[in-house]
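Here is how the chains run, residue by residue.
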Amino acid sequence: MVNKKIQMLVGPTQLPQRVRNAMLHEAMSHRSEEYKEIQHNVTEGIKKIFKTENDVLMLTTSGTGAMEATIQNVFKAGDEVIVPINGVFGELFYDVASGYDLDIIRVEFEYGTEVDVDEVMSHVTDNTKAVLLIHNESSTGVVNNIQKFGEALKDSDTLLVVDSVSGAGGINIEMDNWHVDIVFTASQKALMSPPGISFVALNDRAWERVDEVGNNTYLFNFKKDRDYVHRNLTVHTPATHTMLAVNEALKMIFEEGLENVFERHKKNAKLVRKGVKELGLQLYPKNEAYASPTITTIYAKSKAKYYVNELKKYNIEIGGGKNPLSEDTFRVGTMGYVSENDVIAVLAALKEIVSNEDK
Ligand SMILES: *Cc1c(COP(=O)(O)O)cnc(C)c1O
């Protein structure tokens with residue numbers, strides 16, 4: 001029986017055949033010329049994804065590792081930071097920052113809405129070292145307006161630190177033009193690769209802060225990481241085969257054209273939203289103006305797991321809800337390697353599931 005699987009995941013995401021093939025490679029020394037060339041290509045690619053001229057650090061860790069490393073290198077005990085929270089990943093940023101004796105101001109927003117810039121700015125003072133913001137809130141499927149934050153903060157001494165783990169490569173982010181001071185992402189979301197590597201870029205103002213703080217750890221020491229990336233190396237053994245994967249995935253992204261990739265994400269997510277609304281299901285974001293191009297969160301009170309499990313019978317894999325939203329929401333990923341055909345198939349299956357319920 002032919003029964004092809006369809007994956008519309010929220011991370012780790014579907015791996016294109018080309019990316020999987022790129023990993024079928026013999027062991028590779030991470031000090032070899034071959035490796036260095038690959039790391040160099042990946043660096044140049046991620047710079048284009050972040051739209052920056054700044055150095056890109058490569059850490060052998062997941063997105064949360066990049067988050068923690070950033071906090072460790074850029075802040076010291078007592079520093080005041082603001083964490084806007086409009087979903088579970090804002091909470092994660094808060095939790096990670098909480099391990100470092102920072103003076104953290106939580107600014108909460110209703111889940112399903114975007115973070116309001118003016119509200120956050122009303123908490124910013126001369127003492128505020130940074131705003132720690134999620135670009136794409138993967139739990140609720142809401143995109144926060146990074147550009148507005150960059151505008152609002154650019155003439156202050158407050159850094160804008162952005163988690164674009166589920167954004168970069170699927171949603172436009174312009175580090176340099178939008179005055180983002182630090183941005184990080186990870187290999188396993190819109191970058192269509194297995195987990196294992198995260199990428200962090202810092203601008204000059206952020207590097208000044210790193211110098212002041214003087215983090216002394218051996219691993220995830222940004223100054224040391226930068227010395228190594230200047231030589232196309234990493235401090236310790238990187239996830240070489242994930243690096244091969246990202247290298248191939250970036251080639252695919254630039255062959256399609258980055259702006260075309262963004263358009264495909266927007267179009268597919270819009271199709272998902274239109275389809276689920278037609279089925280009488282409810283979108284979790286309160287306003288489609290800020291609905292995510294990479295993740296559509298659907299509200300289905302007490303029935304979310306039912307839909308996810310029913311779709312499995314069609315050999316369709318989507319994302320469950322993120323705790324504490326796991327009973328009442330499920331998530332359809334249009335992140336990375338997803339085509340319009342995938343969307344159509346998922347919607348057709350959902351339609352059958354919903355109409356069987358009515359019987
Ligand atoms: C997935 C995700 C993370 C965490 O990344 P891990 O790689 O699982 O550590 C952080 N932030 C956002 C917005 C995410 O979507």
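Asker: Is there a simple way to think about the sheet that holds strand 12 (residues 295–299) in this case?
Answerer: Backbone-to-backbone hydrogen bonds join strands into a sheet, with any given pair of strands oriented parallel or antiparallel. Reading across from one edge, 1-13-14-12-11 is the order of the five strands in this open sheet, with mixed pairing throughout. Looking along the sheet, the strands with just one partner apiece sit at the ends: strand 1 (6–8) and strand 11 (282–283). The pairing of strand 12 with strand 14 (residues 329–333) spans five bridges and is classified as antiparallel. Looking at strand 14, one finds that Y299 is bridged to T329. Here helix 10 (residues 258–278) sits on the sheet and contacts strand 1, strand 11, strand 12 and strand 14; the angle it forms with strand 12, its principal contact strand, is near 15°. Those strands touched by helix 11 (residues 304–313) are strand 13 (316–320) and strand 14, and its axis lies near 160° from that of strand 13.

Asker: Would you explain the layout of surface pockets in this entry?
Answerer: Picture a little ball the size of a water molecule; that probe, rolled over the atoms, points out where space is still empty. Approximately 420 Å³ is the volume found for the largest pocket. What lines the largest pocket is a set of 23 residues, and nearest its centre among them are H135, V143, I171, N172 and P293. Elements that contribute at least two residues to the lining of the largest pocket include exactly helix 6 (146–153) and helix 10. It is helix 10 that contributes the most residues to the lining of the largest pocket, five residues altogether. Reported here for the second largest pocket is a volume of approximately 240 Å³. Lining the second largest pocket are 19 residues, and of these T64, F89, V165, Q188 and K189 lie nearest its centre. If you list the elements that add at least two residues to the lining of the second largest pocket, you get helix 3 (63–74) and helix 4 (88–97). No other element matches the three residues that helix 3 contributes to the lining of the second largest pocket. Partitioning the lining of the second largest pocket into residue classes produces seven nonpolar, eight polar and four charged.

Asker: Mind showing me how you'd approach the pairing of strand 12 here?
Answerer: Where burial is concerned, most of strand 12 is hidden: four out of the five residues are buried. Relative to strand 12, strand 11 is paired through two bridges, and the arrangement is antiparallel. Following the sheet pairing, Q282 is matched in strand 12 by Y299.

Asker: Would you mind going over the pattern of salt bridges with me for this structure?
Answerer: Think of it this way: side chains of opposite charge can pair up when their charged atoms draw near. Evaluation of the coordinates by the stated rule reveals 25 salt bridges. When the shortest N-O distance is used, the salt bridge between R18 and E255 registers 2.8 Å. Taken together, the residues span a long stretch of sequence, with R18 in helix 1 (residues 17–22) and E255 in helix 9 (residues 240–256) at a distance of 237 residues. Exposure remark for R18: the relative accessible area of 33% places this residue in the partly exposed category. Residues joined in a network through salt bridges with shared partners are R18, E248, K251 and E255.

Asker: Explanation requested: the packing of aromatic side chains in the structure shown.
Answerer: The geometry of an aromatic ring pair comes down to the distance between the two centres and the angle between the two planes. A complete count under the given rule lists four aromatic pairs for this structure. A ring pair is formed by F93 and F184, whose centres lie 5.9 Å apart and whose planes are at 80°; its orientation type is edge-to-face. With a gap of 91 residues between them, F93 in helix 4 and F184 in strand 9 (residues 182–186) connect regions that are remote in the sequence. Classification of F93 by relative accessible area gives buried; the value is 0%. The exposure class of F184 is buried, given its relative accessible area of 0%. Aromatic pair Y307 and F330: ring centres 5.4 Å apart, planes at 40°, arrangement tilted. In this pair, Y307 is assigned in helix 11 and F330 in strand 14, connecting sequence segments 23 residues apart. Each member of the pair Y307 and F330 is classed as buried. Among the aromatic residues, ring-to-ring pairing joins Y306, Y307 and F330 into one connected group. The side chain of K286 reaches across the aromatic face of Y284, ending 5.7 Å from its centre.

Reading the values: the criteria
Numbers given for residues are sequential positions, taken from 1 along each chain in its written order. Local features in a predicted model are, by the rule used here, given only for residues with pLDDT of at least 70; side-chain atom pairs are given and counted only at 80 or more, and totals for whole chains, interfaces and linings are based on all residues. Hydrogens and water molecules were not included; the side-chain quantities draw on all heavy atoms of the structure. Whether two strands pair depends on DSSP finding at least two bridges between them. Strands are runs of DSSP state E lasting at least 2 residues, helices are runs of H or I lasting at least 4, and numbering of each runs from the N terminus. Pairs of residues are marked as contacts when any of their non-hydrogen atoms sit within 4.5 Å. Inter-axis angles, ranging from 0 to 180 degrees, are taken between N-to-C directions of lines fitted to C-alpha atoms, where helices are fitted over the stretch in contact. Put plainly, a pocket is an open set of points on a 1 Å grid over the protein atoms alone with protein on both sides within 12 Å along at least five of seven lines, a cavity is a set where a 1.4 Å probe fits but cannot get out, and a lining residue has an atom within 4 Å of a point. Grid points are joined across faces, edges and corners, and a volume is the space filled by probe spheres set on the points. Gly is placed with the polar residues, together with every amino acid not listed as nonpolar (Ala, Val, Leu, Ile, Met, Phe, Trp, Tyr, Cys and Pro) or charged (Asp, Glu, Lys and Arg). When a residue's accessible area, from a 1.4 Å probe over protein chains only, is under 20% of the maximum for its type it is buried; when over 50% it is exposed; and in between it is partly exposed. For salt bridges, the criterion is a side-chain nitrogen of Lys or Arg within 4 Å of an Asp or Glu carboxyl oxygen. Two rings belonging to Phe, Tyr or Trp (six-membered ring only in the last case) form a pair when the distance between their centres is within 6.5 Å. Interplanar angles under 30 degrees mark stacking, angles over 60 mark edge-to-face geometry, and anything in between is tilted. Ring-over charges, as used throughout, are those where CZ of Arg or NZ of Lys falls within 6 Å of the ring centre and within 35 degrees of the ring normal.

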